[in-house]
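In case you want the letters, here they are:
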Amino acid sequence: MVLVMPCNACFGGVTFGTSLDKGGDIHVAMDGNFHHCHWHSAGDSPSFYEPTYFIPKAQVDAIGCCIDRAHQHPSRWSQSTVPDEAIDQCEALYEAVNGQKQKVSTEGFDNTGLMALICWHDILLFFANIDTPGKQQKYGIALIDHLFSLLPPQANVVVLYDVGCVLSHSLSWGHEWACQLVYNPCLISGLGLSDGEGTECLWSNLIKLIGIECVSSHQCCIWLLDHHATTIGYEMWTELGDWIRHCLKKGVCEQGSAAQEVLDNCDVSIMELQEQWVNQ
């Protein structure tokens, strides 16, 4: 019921267990944003509100402890399908960019950003407050763990994340070509047009709150974000029909026709293209 309320189109089903090569049961996306920070000097106020979207800090920290223990005893059976050199290049690029954000976002702040999890229709499911430098693993994994706690055990979920090199070497598909071949959702069977970019719409809708959040009490920030997210989610929920109709017209039909036109004009047989694809 908790998940059906924000989006019954994603979570209103009763049949689960669709294999991942056929798209899985549910597609979600997550991303972090370092603009939604809170000045330490703004302080806090007595608790007056039970948030709908925010998962508790204790829950996030517990996931962090589990990750630390797992790092002490790494699995001998995990093996990445991406070459080590590609992983190193992606990780170096990620650390360079993220390191710049850490320097800017931690000074004087007790909360340095937000991590969000959205459904396939770009409706917010959960928030986690980022209170340590960078996009650490624990925030994203805590959101995923919380989602799975509300789903049947046989449910198969596709999680899209722009920088997944911290999550089992699920690398950002915007980096090296070797990573794109494995992790680009546009190249994975069953994912259709899912690209995980819906979080950008969420951040765009919340941008007007950034200045207010910095100087409000911590409890007021949570109340403000929670209520704003509820309003945005309700508006998107009421427009789901238009959203689906738009995707069918502008997405499936138009992109399918464009792809077919490229294939028809490339003067290379489908069999040869498939062979070259396998050889990559």
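Model, not experiment: these values are computed from the prediction.

Examining helix α4 (residues 137-149)
Here α4 contains 13 residues, and its C-alpha end-to-end distance of 18 Å stays within 8% of the 18 Å for a straight helix at 1.5 Å per residue. By the burial criterion, the buried members of α4 are Lys138, Tyr139, Gly140, Ala142, Leu143, Ile144, His146 and Leu147. Buried residues belonging to α4 abut α1 (8-11), β1 (26-33), α2 (57-72), β4 (113-119), β5 (124-130) and β6 (157-161).

Overview of α2
For an α-helix, the turn length of 3.6 residues means that residues three or four places apart are oriented alike. With 16 residues, α2 ought to run about 22 Å at 1.5 Å a step, and its terminal C-alpha atoms sit 23 Å apart, in line with that. Residues of α2 that are buried include every one of Val60, Ile63, Gly64 and Ile67, and no others. The arc enclosing the buried residues of α2, seen along the axis, measures out at 105°, which places them on a common side. Projecting away from the buried face of α2 at angles above 90 degrees are the exposed residues Ala58 and Gln72. Against the buried residues of α2 lie β5 and α4.

Let's talk about the confidence of the model for the protein chain
For the protein chain, per-residue confidence averages 79 on the pLDDT scale, and 75% of positions sit at 70 or higher. Confidence over residues 168-175 falls short of pLDDT 50; this stretch has 31 contacts with residues more than four positions distant or in other chains.

The rules we used
- Residues numbered from 1 in each chain as written.
- Predicted model: local features only at pLDDT ≥ 70, side-chain atom pairs only at ≥ 80, totals over all residues.
- Heavy atoms only, no water.
- Helix = DSSP H or I, 4+ residues; strand = E, 2+ residues; numbered from the N terminus.
- Expected span 1.5 Å × (residues − 1).
- Buried < 20%, exposed > 50% of the residue type's maximum accessible area, 1.4 Å probe, protein only.
- Contact = heavy atoms within 4.5 Å.
- Arc of directions from axis to C-beta.
- pLDDT = per-residue confidence, 0-100.

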